[in-house]
Amino acid sequence: MDNNEVKPANFFEKFGCEVQFGEVEVGTTYPLYGMITKIIDDTPGHVVVEINFSITATMTIPDQAKVELLKERAFEPGIFVSTVTLKEPKIEVDCSTVVFGKRQGFAA
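Caption draft 1: Spatial organisation of the pairing of strand E3 (residues 46–51). Within E3, five of the six residues are buried, leaving the element largely enclosed by the surrounding structure. Looking at chain direction, strand E2 (residues 36–43) and E3 are connected through six bridges and run antiparallel. Bridging across to E3, Lys38 finds its partner in Glu50. With antiparallel pairing between neighbouring strands as the criterion, E2 and E3 make up a hairpin whose turn holds two residues, including Gly45 at a positive phi of roughly 100°. Looking at chain direction, E3 and strand E4 (residues 55–59) are connected through five bridges and run antiparallel. Across the sheet, residue Ile51 finds its bridge partner in E4, namely Ile55.

Dropping the structure here:
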């Protein structure tokens, strides 16, 4: 890099983020990054999925079309805004928001 190039801003500095280590707390909301690895219950109004092979997430999705969309996007990366309801024996969360990225196009 020569002296005339602009150095990209550090993501953590730009957005005021920091990495911390600590215990997950029941009742606290976290943005979880991962993917749906299993659909446990796809009943509209009470959807239950597994995230990252280890977290059970309950979602209130009354619209069948949105449940189908969720099923289509399984195994795609997303952010799950979730409140921890149980830590032991397995982490369980109530998920209020799911954000999937833009779908990738494939050309063969």
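Now, onward.
Caption draft 2: Focus on the packing of aromatic side chains. Inspection of the entire model under this criterion finds one aromatic pair. Centre to centre, the rings of Phe80 and Phe100 are 6.2 Å apart; their planes meet at 85°, and the pair counts as edge-to-face. Residue Phe80 is located in strand E5 (residues 78–86), and its partner Phe100 is located in strand E6 (residues 92–100); the two are separated by 20 residues in the primary sequence.

Caption draft 3: Up close: unusual backbone geometry. For the bond running from Glu88 to Pro89, omega is 5°, close enough to zero to count as cis. Phi at Asn52 is positive, roughly 55°, even though this residue is not glycine. Turning to its location among the elements, Asn52 is positioned in the loop between E3 and E4. The residue Phe53 is not glycine, and still its phi comes out positive at about 65°. Of note, Phe53 is situated in the loop between E3 and E4.

Caption draft 4: A look at the environment of Ile61. In this fold, Ile61 is placed in the loop between E4 and helix H2 (64–72). Overall, Ile61 belongs to the buried group, its relative accessible area being 14%. A sequence separation of 19 residues divides Ile61 from Asp42, and the C-alpha atoms of the two residues are 9.2 Å apart. Apart from the residues lying within four places of it in its own chain, the contact partners of Ile61 are Pro44, Gly45, Val47, Lys66, Val67 and Leu70.

Caption draft 5: Up close: the nonpolar core. Counting 16 residues, the largest nonpolar core has Val47, Val49, Met59, Leu70 and Phe80 as its most contacted members. When contributions to this core are tallied by element, the ones reaching two or more residues are E3, E4, H2, E5 and E6. Setting aside its immediate chain neighbours within four residues, Val47 contacts Asp41, Asp42, Ala57, Thr58, Met59, Ile61, Val67 and Leu70.

Caption draft 6: Main features of the pattern of salt bridges. In total, this model carries five salt bridges according to the counting rule given. Among the salt bridges present, the one from Asp42 reaches Lys71, with a minimum N-O distance of 2.8 Å. Taken as a pair, Asp42 in strand E2 and Lys71 in helix H2 lie far apart in primary sequence, 29 residues in all. Note on Asp42: relative accessible area 30%, which makes it partly exposed. The exposure class of Lys71 is partly exposed, given its relative accessible area of 31%. Here Glu50 makes a salt bridge to Lys90, at a shortest N to O gap of 3.8 Å. With Glu50 in strand E3 and Lys90 in the loop between E5 and E6, this residue pair connects regions lying 40 residues apart in the sequence. Among the ionic contacts, a cluster of salt bridges with common partners joins Asp42, Glu68 and Lys71.

The rules we used
Residues numbered from 1 in each chain as written. Predicted model: local features only at pLDDT ≥ 70, side-chain atom pairs only at ≥ 80, totals over all residues. Heavy atoms only, no water. Buried < 20%, exposed > 50% of the residue type's maximum accessible area, 1.4 Å probe, protein only. Helix = DSSP H or I, 4+ residues; strand = E, 2+ residues; numbered from the N terminus. Pairing = 2+ DSSP bridges. Phe/Tyr/Trp six-rings, centres within 6.5 Å; stacked < 30°, edge-to-face > 60°. Contact = heavy atoms within 4.5 Å. Core = buried A, V, L, I, M, F, W, Y, C linked by side-chain atoms within 4.5 Å. Salt bridge = Lys/Arg side-chain N within 4 Å of Asp/Glu carboxyl O.

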